[in-house]
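Geometric and topological summary
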Amino acid sequence: MKLIKPCLLAITALLFVNCTAQKKISSLKDVYKKDFYIGTALSANQIEQKDAKVNSLICKEFNAITAENIMKSMFIHPQKDKYDFALTDKFVAYGKKNKMYIHGHTLIWHSQLAPWMTQIKDSTEMKAFMKDHITTIVSKYKGRIDSWDVVNEALNEDGTLRKSVFLNTLGEQYLIDAFKLAAAADPKTDLYYNDYNNEEPAKREGTINLIKKIKAAGGKVDGVGIQAHWRLESPSLEEIEKSILAYSAIGVKVAFTELDITVLPNPWDLKGADVNQNFEGSAKMNPYPESLPDSVQEKLAQRYSDIFKLFLKHKDKISRVTFWGVYDGQSWLNDWPIKGRTNYPLLFDTQLKPKKAYNALIDLKK
Ligand code: 9MR
């Protein structure tokens, strides 16, 4: 028995050498292979494969990738006449090399715009911008990027259209134009509308109306992205299921595009709390700075398990489930909505070890 263990360890270590050699080890992407893609968001360092252990984990567990930041407007199109495709080229090459599904995030979004874009004043200028921006980016990767978030977060919580430089200059026509331009640049890539909280009733209705309107005007919308930045207690499985069914009923694929589950207190939940209050450094708001107690670890595993059970029930309607990051240590939720906390929203811990939540998702498929 004592000898067998080191032997097994040596064999396992050998199997970890590269993506291809890892095929025999069970992993998320393998166990869910027949159900939907299992994706992750990649940081710039991960795209550049700066850390071999992280890279090995990405190759082993995931078969779909999204760039967490580098394809956003301010990075990919920093000046009117200047695009920067260096990192996106590496991102696409990485996906191709590892035979992964490649998702483009994102073409039209009010946030992370280059400063010059926020200065666009009228419809003529905005039309020219959208045509150049969408056509240049989508055609450059024609046939190589499997799907795009054409428009991200265009709605308010009540389902009305969010104020933005796009809405101000073009009205709601900008949404139709964006989808038409993307389809013209690459007719085969799948086009998504992506948002958060769109599993909640009002925003869901708004999303459905929006997609119907775009389609009625001749735009092509293939899917809706539910970001899924969720909590232990909410949203309810019932609302998630209603959303899968409602979106599917209007003929679009459903993707869960940015899944993570916060385990930390939310300043907005504190009755009477001033959300502008500075909670940085507050021990009460950062209850697990060293490690996550077992009881919460269990809750997180149960929550992930319940969610994936539902996903499996509707796997025919779900194209992809992407986690927003590879492991806890790099999650954006360590710095939002309060900077410098220690959160535990993903399936791998800071040491890259699989958590109970990971095992629960593997067990679901046994
Ligand atoms: O995870 C991203 C974080 O690193 C960036 O600082 C942030 C800037 O807005 O964007 C984060 O990703 C967002 C995604 O692009 C769109 N949906 C919400 C995500 C979390 O904020």
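Look up: the structure comes first, before these words.
Everything in this summary refers to the structure shown in the same document. (Residues numbered from 1 in each chain as written. Predicted model: local features only at pLDDT ≥ 70, side-chain atom pairs only at ≥ 80, totals over all residues. Heavy atoms only, no water.)

Along its 12 residues, helix H6 (residues 86–97) runs 17 Å from first to last C-alpha, staying within 8% of the 16 Å computed at 1.5 Å per residue. Buried-residue contacts for H6 involve strand S1 (37–42), helix H3 (44–47), helix H4 (52–61), strand S2 (64–67), helix H5 (73–76) and strand S3 (101–104). Lys99, located one to two residues past H6, shows a positive phi value of around 55°. (Helix = DSSP H or I, 4+ residues; strand = E, 2+ residues; numbered from the N terminus. Expected span 1.5 Å × (residues − 1). Contact = heavy atoms within 4.5 Å.)

With respect to the helices, strands and loops of the structure, Ala41 is situated in strand S1. Considered as a pair, Ala41 and Phe323 are 282 residues apart in the sequence and their alpha carbons are 6.4 Å apart. Excluding its chain neighbours within four sequence positions, the residues that come into contact with Ala41 are Gln46, Thr66, Glu68, Thr322, Phe323, Trp324, Gly325 and Val326.

In this structure, the largest pocket encloses a volume near 730 Å³. Lining the largest pocket are 31 residues, with Gln227, His229, Trp332, Leu333 and Trp336 sitting closest to its centre. Of all the elements in the fold, those that place two or more residues in the lining of the largest pocket are strand S8 (229–231) and strand S9 (253–262). Looking at the lining of the largest pocket residue by residue, the class counts come to 12 nonpolar, 10 polar and 9 charged. (1 Å grid on protein atoms, 1.4 Å probe; cavity = no way out; pocket = protein on both sides within 12 Å on 5 of 7 lines; lining within 4 Å. Points joined across faces, edges and corners; volume = space filled by probe spheres on them. Nonpolar A, V, L, I, M, F, W, Y, C, P; charged D, E, K, R; others polar.)

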